[in-house]
Amino acid sequence: MIGSDSKADLRMYLQDARDALLWKLDGLQEYDLRRPMTPTGTNLLGLVKHATGAEAVYFGDTFGRPFAGTPLWITGDAEPNADLWATPDETREQIVGRYREAWAHADATIESLPLDAVGRVPWGNRSELTLHRVLVHMVAETQRHAGHADVVRELIDGTTGLRPGDDNMAPGDRTWWEQHRNRVERAAREAERRA
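Asks: Sorry if this is basic, but what is going on with the layout of surface pockets here?
Replies: If a probe the size of a water molecule is rolled over the atoms, the empty space left behind becomes visible. Reported here for the largest pocket is a volume of approximately 380 Å³. As for the largest pocket, its lining consists of Glu154, Asp157, Gly158, Thr160, Met169, Arg174, Trp177, Glu178, Arg181 and Asn182. Broken down by secondary-structure element, the contributors of at least two residues to the lining of the largest pocket are helix 5 (131-157) and helix 6 (174-194). Per-element tally for the lining of the largest pocket: the top contributor is helix 6, with five residues. When its residues are assigned to classes, the lining of the largest pocket shows two nonpolar, three polar and five charged.

Asks: I keep staring at the confidence of the model for the protein chain and nothing clicks. Help me out?
Replies: As a note on interpretation, predicted positions should not be read in detail where pLDDT is low. Summing up the model confidence of the protein chain, the mean pLDDT is 90 and the portion of residues at 70 or higher is 93%. Helix 6 is the least confidently modelled element of the protein chain, averaging 90 in pLDDT, while helix 2 (residues 30-34) averages 97, the highest of any element.

Asks: Explanation requested: the packing of aromatic side chains in the structure shown.
Replies: Any aromatic ring pair is given by two values, namely how distant the centres are and how the planes are angled relative to each other. Following the criterion strictly, the structure yields two aromatic pairs and no others. Seen in terms of ring centroids, Tyr99 and Trp103 are 5.3 Å apart; in terms of plane orientation they differ by 75°. Their pairing is edge-to-face. With Tyr99 and Trp103 both in helix 4 (residues 92-112) and four residues apart, this pair spans about one turn of that helix. Here Tyr99 falls in the buried class, since its relative accessible area comes to 0%.

Asks: What exactly am I supposed to notice about the packing of helix 1 (residues 6-23) against helix 4 here?
Replies: For any two helices packed against each other, the geometry comes down to the angle between their axes and how far apart the axes lie. The N-to-C vectors of helix 1 and helix 4 enclose an angle of 180°; their axes lie 12 Å apart at closest approach. With respect to helix 4, the element helix 1 is oriented roughly antiparallel. Note on element contacts: helix 4 touches helix 1 through Val96, Tyr99, Arg100, Trp103, Ala106, Asp107, Ile110 and Glu111, opposite Lys7, Arg11, Leu14, Gln15, Arg18, Asp19, Leu21 and Leu22. For the contact of helix 1 with helix 4, the residue count by class is eight nonpolar, one polar and seven charged.

Asks: Explain the environment of Ala149 here, please?
Replies: Within the fold, Ala149 resides in helix 5. Since its relative accessible area comes to 0%, Ala149 is described here as buried. It is 18 Å that separates the C-alpha atoms of Ala149 and Arg98, two residues lying 51 residues apart in sequence. Other than its neighbours up to four places away in sequence, Ala149 contacts Leu21, Lys24, Leu44 and Leu47.

Asks: Explain the pattern of salt bridges to me, please; I cannot follow it from the model alone.
Replies: It is possible for side chains bearing opposite charge to pair when their charged atoms get close. The final tally for this structure, using the stated rule, is 14 salt bridges. With a shortest N-O distance of 3.0 Å, Arg11 and Asp107 are connected by a salt bridge. With Arg11 in helix 1 and Asp107 in helix 4, this residue pair connects regions lying 96 residues apart in the sequence. The shortest N-O distance in the salt bridge between Arg153 and Asp157 comes to 3.1 Å. Of the two residues, Arg153 and Asp157 are both situated in helix 5; the distance of four residues between them amounts to about one turn of the helix. For Asp157, a relative accessible area of 40% puts it in the partly exposed group. When salt bridges that share partners are traced, they join Arg11, Arg18, Glu55 and Asp107 into one network.

Asks: Would you take a moment to explain the nonpolar core for this structure?
Replies: In globular proteins that are soluble, nonpolar side chains generally tend to be buried together. The biggest cluster of nonpolar side chains holds 18 residues, and the ones touching the most others in it are Leu21, Leu22, Leu25, Leu44, Leu45, Val48 and Tyr99. Contributing elements (two or more residues each) for this core: helix 1, helix 3 (44-59), helix 4 and helix 5. If sequence neighbours within four positions are ignored, Tyr99 has contacts with Arg18, Leu21, Leu22, Val48, Ala51, Thr52, Glu55 and Thr142. In this structure, Ala54, Phe59, Leu129 and Val139 belong to the second largest nonpolar core, which totals 15 residues.

Asks: Help me understand the environment of Arg18 in this model?
Replies: Here Arg18 shows up in helix 1. Considered as a pair, Arg18 and Glu128 are 110 residues apart in the sequence and their alpha carbons are 25 Å apart. Side chain to side chain, Arg18 and Glu55 meet in a polar contact 2.8 Å long.

Rules used in this analysis
Residues numbered from 1 in each chain as written. Predicted model: local features only at pLDDT ≥ 70, side-chain atom pairs only at ≥ 80, totals over all residues. Heavy atoms only, no water. 1 Å grid on protein atoms, 1.4 Å probe; cavity = no way out; pocket = protein on both sides within 12 Å on 5 of 7 lines; lining within 4 Å. Points joined across faces, edges and corners; volume = space filled by probe spheres on them. Helix = DSSP H or I, 4+ residues; strand = E, 2+ residues; numbered from the N terminus. Nonpolar A, V, L, I, M, F, W, Y, C, P; charged D, E, K, R; others polar. pLDDT = per-residue confidence, 0-100. Phe/Tyr/Trp six-rings, centres within 6.5 Å; stacked < 30°, edge-to-face > 60°. Buried < 20%, exposed > 50% of the residue type's maximum accessible area, 1.4 Å probe, protein only. Axes fitted to C-alpha atoms, helices over the stretch in contact; angles between N-to-C directions. Parallel < 35°, antiparallel > 145°, perpendicular 65-115°, else oblique. Contact = heavy atoms within 4.5 Å. Salt bridge = Lys/Arg side-chain N within 4 Å of Asp/Glu carboxyl O. Core = buried A, V, L, I, M, F, W, Y, C linked by side-chain atoms within 4.5 Å. Polar contact = N/O pair within 3.5 Å; in protein donor to acceptor, adjacent residues only side chain to side chain.

Here's what the structure looks like:
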């Protein structure tokens, strides 16, 4: 692409995903931030907590720049899935604040290294990855979890949208959406009947 700055482009998409993930928390009470909305327990604060750990490890330990402060939920002796839910003692402010700290740490790594810098993930076979590959991975992972947050938030209170001021949804009131959903349901049943 002419005039493209790959690092800036990837960084922009990562920040867009980060912002979308946090926006899904706006205006919710504690219970709704934490309640499991799927059979596997997916919840909004857990998604943010997980994204924090991923950024800290991929942009921190992978490049010899450990993320300082309290231990993360995905390291050491943490129980399985400890990074995917919030305990009653963990506040929204703590989890969101920790995520913003991980952003700043990640952004410093991104700024200080070239895209072809090589790091090693601190688990498994210690795969070598370039900063470029880590950025692509984290854009994809964060967007994936922002998508989870979209669905979870819609299940909680019907709120939809891509970002504040841009819902990226077809126009329609509640009645229109009910009719649309019913049409989709009828199509699914008809396809099943024909199969």
